[in-house]
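Chain by chain, the residues run as shown.
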Amino acid sequence: DNWVVRSLTNNKRGELNEEHVMVAKGILASKFFVGISDYLEETIKRLEIYYGWSEDKSPGCVETHFKKYEKEKNPHMIERGSDEWNLITDKDNFDLMLYYYALELFAK
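Please read these numbers as outputs of a predicted model, since none were measured by experiment.

### What to know about the nonpolar core
- Ranked by internal contacts, the top residues of the largest apolar core, which has 14 residues, are V5, A24, L28, V34, F94, L98 and L105.
- Elements represented by at least two residues in this core include exactly helix 1 (3–9), helix 2 (18–31) and helix 6 (93–107).
- Broken down by element, the residue count for this core peaks at 6 residues, all from helix 6.

This is how it looks when you write it as structure tokens:
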């Protein structure tokens with residue numbers, strides 16, 4: 001449960017609390033490039049700027065690999081509000097808090 005928060009805070013066992021989430025948020029904000037797969041095109045643009053990447057007019061890595069992913073529907077997508085969704089969000093509530101924070105970072 002809450003694998004991402006546990007990994008970032010090096011707390012593999014035991015109870016988690018909101019303080020762990022706050023530590024994980026600080027680490028995420030200061031040490032990671034945040035990209036969101038639902039906004040893949042914008043994420044790729046930001047990566048290109050950050051790393052100084054550029055592609056000429058011919059299809060390159062982005063066109064070949066990432067654009068294909070963007071068109072594919074995830075067969076493992078869980079419908080928001082379903083029993084499965086609620087089970088996961090109850091079990092991984094701290095990871096979900098961190099995900100929403102990642103969305104905030106991405107929006108900045």
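Let us keep going from here.
### With respect to unusual backbone geometry
- For N2, which is not glycine, the phi torsion reads 50° and is therefore positive.
- When its relative accessible area of 3% is taken as the criterion, N2 is described as buried.
- The phi dihedral of N10 is positive, around 55°, even though this residue is not glycine.
- Here N10 shows up in the loop between helix 1 and helix 2.

### Digging into the packing of aromatic side chains
- Under the definition given, this model contains 5 aromatic pairs.
- An aromatic cluster is defined as three or more aromatic residues linked by ring pairs; in this entry it consists of F33, Y50, Y51 and W53.
- It is R46 that lies over the ring of F106; its NZ or CZ is 3.9 Å from the centre.

### Some thoughts on helix 2
- Here helix 2 contains 14 residues, and its C-alpha end-to-end distance of 20 Å stays within 8% of the 20 Å for a straight helix at 1.5 Å per residue.
- Buried within helix 2 are the following residues: H20, V21, A24 and L28. With its buried residues spanning 100° around the axis, helix 2 presents them on a single face. Among the exposed residues of helix 2, those pointing more than 90 degrees away from its buried face are E18, E19, M22 and S30.

Criteria and thresholds
- Residues numbered from 1 in each chain as written.
- Predicted model: local features only at pLDDT ≥ 70, side-chain atom pairs only at ≥ 80, totals over all residues.
- Heavy atoms only, no water.
- Core = buried A, V, L, I, M, F, W, Y, C linked by side-chain atoms within 4.5 Å.
- Buried < 20%, exposed > 50% of the residue type's maximum accessible area, 1.4 Å probe, protein only.
- Helix = DSSP H or I, 4+ residues; strand = E, 2+ residues; numbered from the N terminus.
- Phe/Tyr/Trp six-rings, centres within 6.5 Å; stacked < 30°, edge-to-face > 60°.
- Lys NZ or Arg CZ within 6 Å of the ring centre and 35° of its normal.
- Expected span 1.5 Å × (residues − 1).
- Arc of directions from axis to C-beta.

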